[in-house]
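Structural features, examined
One-letter residues, chain by chain:
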Amino acid sequence: MNILILGIGNILFQDEGIGAHFIHYLDEKYDFISQKNSVSLVDGGTLAQRLIPEIVKYDEVVVVDCIDANNSKAGDVYFFDYKKTPSHINWQGSAHEVEMLQTLNMIDMNKDLPNTNVLGVIPKRIGDDTTFELSNEIITAVKTMEEVIIKYLLNLDIKMEIKNEDATIENISLISFKRDIINGPKI
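Per an unreviewed UniProt entry, the protein chain goes by the name [Ni-Fe] hydrogenase maturation protease and belongs to Arcobacter suis CECT 7833.

Written out as structure tokens, the structure reads:
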């Protein structure tokens, strides 16, 4: 089984970039090990519909992104099946989220959508000014996001071994723009 963990977000606008930063963080911190399955990490940025050819190649997809939800606070983490999005979740807060939602809907209409889950987090700051820095709430939420991904992958017979225990989301968020998730750092 081929599994895609797809980070979505604009890294220029604070917490808005957590999906992309989180993918780079996982890439820096972990090796993924399985005898029968593979994991690909892709920083999808704000590409939306241009990601269709990539998404349809996989059996399982996890989209990591900012979301909104009723009665929630910054840093709350949600994990849900895209086709069964709970009614209290709103995944249309910023331009890229609408585009990503439309992208998944288009793939689904063509009956090409893999099993898709969303790992969403409530942002604190989006677009106040251009900076790579993340809010404390998002930095704290990364631990929960990691736990969710580890549990999800373990259920698919994939183990995650730490290769860099010094990796932090704070450090990664400051260098994400230099990294190519496929080929490593672009320095």
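Anyway, onward from the coordinates.
**Focus on unusual backbone geometry**
Backbone geometry places Gln14, a non-glycine residue, at a positive phi of 55 degrees. Locating Gln14 in the fold gives a position in the loop between strand E1 (2-8) and helix H1 (18-29). Of note, Asp157 is a non-glycine position whose phi angle comes to about 60 degrees, a positive value.

**Digging into the sheet that holds strand E8 (residues 115-121)**
The strand order E3-E1-E4-E8-E6 describes an open sheet built from five strands, whose pairing is mixed. At either margin of the open sheet sits one strand with a lone partner, and together these are strand E3 (38-45) and strand E6 (77-81). Neighbour to neighbour, the strand axes of the sheet diverge by 20 degrees on average, direction disregarded. In the sheet, E1 pairs with E3 via seven bridges, with the strands oriented parallel. By the bridge assignment, Ile5 is partnered in E3 with Leu41. Those strands touched by H1 are E1, E3, strand E4 (60-66) and E8, and its axis lies near 130 degrees from that of E1. In the packing of helix H4 (residues 136-155) onto the sheet, the strands contacted are E1, E3, E4, E6 and E8, and the crossing angle to E8 comes to about 160 degrees.

**Topic: the pattern of salt bridges**
Within the structure shown, the criterion is met by seven salt bridges. Ionic pairing is found between Asp31 and Lys163, a salt bridge with its closest N-O pair at 3.7 Å. Taken together, the residues Asp31 in strand E2 (residues 30-33) and Lys163 in the loop between strand E9 (159-162) and helix H5 (169-175) connect sequence positions 132 residues apart. On the accessibility criterion, Asp31 (35% relative accessible area) is partly exposed. Among the residues examined, Lys163 registers a relative accessible area of 44% and is labelled partly exposed. Two residues, Glu54 and Lys57, come together in a salt bridge whose shortest N-O distance is 3.0 Å.

**Focus: the environment of Glu161**
Its place among the elements puts Glu161 in strand E9. Sequence spacing of Glu161 and Ile33 is 128 residues, and the spatial spacing of their C-alpha atoms is 7.5 Å. Look past the residues within four positions of Glu161 in its chain and what remains in contact with it is Lys29, Tyr30, Asp31 and Ile33.

**Concerning the pairing of E8**
Burial of E8 is extensive: six of the seven residues sit out of reach of the surface. Summarising the sheet, E4 and E8 pair through seven bridges and their orientation is parallel. Residue Val63 lies in a different strand from E8, and its bridge partner there is Val118. Across five bridges, the pairing between E6 and E8 is antiparallel. Looking at the pairing, Tyr78 lines up with Gly120 of E8.

**Looking at the nonpolar core**
Soluble globular proteins tend to bury their nonpolar side chains together. If you look at the biggest cluster of nonpolar residues, it comprises 29 residues, and the most contacted ones within it are Ile5, Ile18, Phe22, Ile149 and Leu153. At the level of secondary structure, the elements contributing two or more residues to this core comprise E1, H1, E3, E4, E8, H4 and H5. With seven residues, H4 is the largest single contributor of residues to this core. Ignoring any residue separated from it by four or fewer positions in sequence, one finds Ile5 in contact with Ile23, Leu26, Val39, Ser40, Leu41, Val42, Val62, Val64, Ile149 and Leu153. Val63, Leu101, Leu104 and Ile122 belong to the second-largest nonpolar core, a separate cluster that totals 22 residues.

Cut-offs applied
- Residues numbered from 1 in each chain as written.
- Predicted model: local features only at pLDDT ≥ 70, side-chain atom pairs only at ≥ 80, totals over all residues.
- Heavy atoms only, no water.
- Helix = DSSP H or I, 4+ residues; strand = E, 2+ residues; numbered from the N terminus.
- Pairing = 2+ DSSP bridges.
- Axes fitted to C-alpha atoms, helices over the stretch in contact; angles between N-to-C directions.
- Contact = heavy atoms within 4.5 Å.
- Salt bridge = Lys/Arg side-chain N within 4 Å of Asp/Glu carboxyl O.
- Buried < 20%, exposed > 50% of the residue type's maximum accessible area, 1.4 Å probe, protein only.
- Core = buried A, V, L, I, M, F, W, Y, C linked by side-chain atoms within 4.5 Å.

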